[in-house]
Structure formats: structure tokens, C-alpha cells
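Geometric and topological summary
Residues per chain are reported as follows:
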Amino acid sequence: MRVVIIGQGYVGLTITAGAVGAGHEVVGIDKSKSVVDSLNGGRSHIEGISNTLVADAIKNGLYRATTSFEASSKADIVVIAVPTPLDSSGLPDLSLLESACDSLAPNLNEKTLVINESTSFAGTLRNIIAKRIKDINPKVQFFAVSPERVDPGNEQFGVKNTPRLVGGITAESTDLAIAFYSTFCDNVVRVSSPEVAESAKLLENTFRYVNIGFISEFAQLMNAMNIPVSEVIAAASTKPYGFMPFFPNVGIGGHCIPVDPLYLQKNAEDVGVKSRFIALSESLNHEMPEYCVKRLEDIHGELKGKSVLVVGVSYKPNIADTRETPAEHVIALLRKAGAVVSWHDPLVSTFNGESSSPIEGNYELAVVLVNHGNLDMKSWRRGPIYCVNAMKDNSQWIPILGSRNLK
Ligand SMILES: NC(=O)c1ccc[n+]([C@@H]2O[C@H](COP(=O)([O-])OP(=O)(O)OC[C@H]3O[C@@H](n4cnc5c(N)ncnc54)[C@H](O)[C@@H]3O)[C@@H](O)[C@H]2O)c1
């Protein structure tokens, strides 16, 4: 198949790799010239997609990247995978998705299937994407949603073995989308409408959002009662059914978990239903950086004038993505408490206009927020190393949230 994938980021490039692997001819469209130039030079900017994979796909004539939307005129399949963030008021911002539709629409032919993989609220495919494209180009008739479930850095589950939901605007659209994804996904699940697929994605991520909020609150309770929360979670996890462990952390980050529930909230507001769990979890999740810094002060003592190295500023291990990272709040709060803060991350070279500092500095304490696989603290010679949770193989690190008895 001739496939065009709009957006060559975490999601778009992952699907590109899957489609190329199945022998499809893929054109990756991205509005960023530097992304396009780097990909055409055989360099991947996404963890889990190797340079070799990109370079081989180009060499075999199966892939090229471009900033031009012209290629979509010959496509059998167009996949949209562009960011769907929140605006400055915390509301869904579909401007990039809308602009992708507007650029795409004039080039499409009547046989092309347009698939949206970007996360958005229920109704986006039908009322925004299809409507917008058809207003510009009425002959386009096939539209489907297949929400992306990629978990960057996850070595166990990838495009092939993660079941994929597909919901089309008509049965024929769904059939076409299933035929496409079945070429590189083991398990493609048909749902009855795009709204079911869109809502399922929001349910999955809101489920995590709410449970992370709950476990954060639970950790605060356990800490106040001096009961080791990690051990409690491990104990509860021995129940073989009806329990799924979540782990307290310094906060939530990335482009999905802090954002997607607010897309669900928009659906709720539109139909006049209260979304109390989302609002409560939002405040619980957002107060965690402050709680962690306060805990650090309780354990270590006053931070004023102390030289602190924050280690790991991306939002999760083994990923360079710093979008919505709670590290930003932790650093700001430590500085507010009077600490002199530097940060180190083996995967992130610059962040918020500052550069990663070496571990071998003149620091009095380190706080590991994210423990990347290639993080090497062996050259740390100074004061204590704190971490957020009890971490395996690092028993000398002092957990801020968690298992060490403080009394
Ligand atoms: N990153 C994840 O783990 C993940 C997982 C599941 C779903 N999602 C969803 O997938 C979508 C894409 O996220 P991502 O993480 O891949 O984003 P990303 O920022 O990694 O990549 C998006 C790319 O799209 C390009 N782009 C933006 N607007 C464009 C336009 N109008 N035309 C062409 N290119 C454009 C950007 O330059 C960028 O390279 C979002 O809706 C996100 O919520 C992300």
C-alpha cells in the first residue's frame, strides 16, 4: 500500500516503522524541516526506532520524509499523528490537527482512507476531521480512528503485539483500516464506531490518571502513619485478581497522561455531566512535586543554601521526552526553598534553556527523579542520594516516598 503518515514524532515514526516492515511504501510528512532533514539523512530522533531502520527503509525505496503534502494525492492510506496538547487555559487544542486536515484535504482522492491516530475527545473524527476535510474536498469518503497505544521505551509491547482498536465512520472504512493494520499488528479489534475507539483511549489513560492520583494520596497517608508504602503495594499485589498496582511518584508527565483526561473532561462538559474524578486526580497529581520537596526537607533538613543535583529530568525512565515533566516543578520548588540547583540527565542535553551538568560536581545531595538504565552514579562522591521510590539495586539511596522508616 502507499501510505502517508502525517507527523513523524513518537507515534508517526513508530507506525512508519511498522508499515515499512510490512512492505508498504511510506512517505512521512512533517512540518518540521529539521525532523525531515534528519530522517532523510538516516537519523531517527525517537527511542526504539534505530538509525539503521530509517536508513535501510530509505535505501530500499520504502521511505522518504518531506514537508510537502503533495504525496497524499497518491496515498491509499493517510495516517494523522500530530500533537493534541492543551492550550494556555488547559483546554484541548486541536489547531495542529486542524491544520494537518486543511493541508491534506485538497490532495486527497476518493479512494483514500484517512485514519486518525492522534488522541482526542469522542466526536473528533466525525465532527472535526471528516467534516473539515469534506468541506474542502467532498469526494473523500473513508475515515477511521485507531488510537495509538505506543509506550515509548517499552521493550515488551510494541506495534506488533499491542492490540489495536479500529472504528470507522462506515463499515467499509473500518474494513479498510483493519486490512491495513492487520499487515503489521497481530490483533486488530473492530469497534462499532469511531466514538467508541476515541472514548476507549481516553478511558485507558484516565484510568491511569485517577489511579496515580489515588496512590499518591495513599502514599501520603502511609508516610504520615509511618507504614512503608512500597511494602504495602507489594503485599496487596500478591492478590491474583481484582488488584493492579500503581506506584506513587513525583508527579505525572509526558504528552498523554496529564493531557488526555482533560479531553474527556471536555466531552463531559459538553453534555453537562460532572467529571469529579478527573478534577480531584488533577489536583492530587499536581501537588506531588510540592509534597516530594516537603518530604525531602523533612528527611534531609533545611535546603536553603544547599547545592542540589536533580538527576533525571525527562518524564519517565529511558526516554528523552521532557514534555510536562514534573522535574520542572521540583527544580522550581527547590530553588524557591533556597537550594542551588543543577540537574543531570544522561538522555537530555538541554532543558528549559539550561544544560545537563556532570555528576562530578560540588554538590551536597542528589535527588534522583528518573532512574534511566544508563544512569551511572558511581562517580558520586558527595552527600546522600535521595530517590522518589525505593529502587531495586540501589538500596543505599534514600526513598522520599516510600519504604524507609523515618522514626
Ligand atoms: N508519545 C506517546 O507516547 C503517545 C502515545 C499514544 C498517543 N499519542 C498521541 O499521538 C499524537 C502524536 O503525539 P507524538 O507523541 O507522536 O507527538 P510528537 O511531538 O512526538 O510528534 C508530532 C510531530 O508532528 C509534527 N506536526 C505537528 N503538526 C503538524 C502538521 N500540522 N503537519 C505535519 N506535521 C505536524 C511535529 O513537527 C512533530 O514532529 C498525540 O495526539 C498524542 O497524544 C502519543
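What comes next concerns the included structure. Source: prediction; values computed, not measured.

Summed over all chains, the structure comprises eight aromatic pairs. With a centroid separation of 6.1 Å and an interplanar angle of 35 degrees, the aromatic rings of F214 and F218 are classed as tilted. Placement of both F214 and F218 in helix 7 (residues 194-225) is noted, with a separation of four residues, approximately one turn of the helix. Classification of F218 as partly exposed rests on a relative accessible area of 22%. On the numbers, 5.7 Å between centres and 85 degrees between planes, the contact of W343 with F351 is edge-to-face. Feature note: the residues F180, Y181 and F184 constitute an aromatic cluster, connected by ring pairs.

The strand order 3-2-1-4-5-6-7-8 describes an open sheet built from eight strands, whose pairing is mixed. Both outer strands of the open sheet, strand 3 (63-66) and strand 8 (188-190), are each paired with one neighbouring strand and no more. Neighbour to neighbour, the strand axes of the sheet diverge by 25 degrees on average, direction disregarded. Pairing geometry for strand 4 (residues 77-80) and strand 5 (residues 113-116), over four bridges, is parallel. Pairing of V78 across the sheet is with V114, part of strand 5.

For residues that are not glycine, phi is negative in most cases, and the peptide bond is trans in most cases. Positive phi is not limited to glycine here, since N318 has a value of about 65 degrees. Structurally, N318 is set in the loop between strand 9 (307-311) and helix 12 (327-336). For N318, a relative accessible area of 38% gives the class partly exposed. Unusually for a residue other than glycine, E324 sits at a positive phi of about 60 degrees. With respect to the helices, strands and loops of the structure, E324 is situated in the loop between strand 9 and helix 12.

Near the ligand, the surroundings consist of 26 residues, among which V11, D30, T84, T119 and R323 are the closest. Between the ligand and V11, the relevant distance is 2.8 Å, taken from an oxygen atom to a main-chain nitrogen or oxygen of the residue. Note that an oxygen atom of the ligand is positioned 2.6 Å from one of the side-chain N or O atoms of D30. Starting from 830 Å² of accessible surface for the ligand in isolation, the protein chains cover 92%. Among the secondary structure elements, those contributing two or more residues to the shell around the ligand are helix 1 (10-21) and helix 4 (95-104). Tallying contributions element by element places helix 4 first for the shell around the ligand, with three residues. Taken together, the residues of the shell around the ligand break down into 12 nonpolar, nine polar and five charged.

Thresholds, definitions, all that
- Residues numbered from 1 in each chain as written.
- Predicted model: local features only at pLDDT ≥ 70, side-chain atom pairs only at ≥ 80, totals over all residues.
- Heavy atoms only, no water.
- Phe/Tyr/Trp six-rings, centres within 6.5 Å; stacked < 30°, edge-to-face > 60°.
- Helix = DSSP H or I, 4+ residues; strand = E, 2+ residues; numbered from the N terminus.
- Buried < 20%, exposed > 50% of the residue type's maximum accessible area, 1.4 Å probe, protein only.
- Pairing = 2+ DSSP bridges.
- Axes fitted to C-alpha atoms, helices over the stretch in contact; angles between N-to-C directions.
- Near = heavy atom within 4 Å.
- Polar contact = N/O pair within 3.5 Å; in protein donor to acceptor, adjacent residues only side chain to side chain.
- Areas by Shrake-Rupley, 256 points an atom, 1.4 Å probe, with all protein chains shown as cover.
- Nonpolar A, V, L, I, M, F, W, Y, C, P; charged D, E, K, R; others polar.

Function cannot be inferred from these measures alone, as they are strictly geometric.
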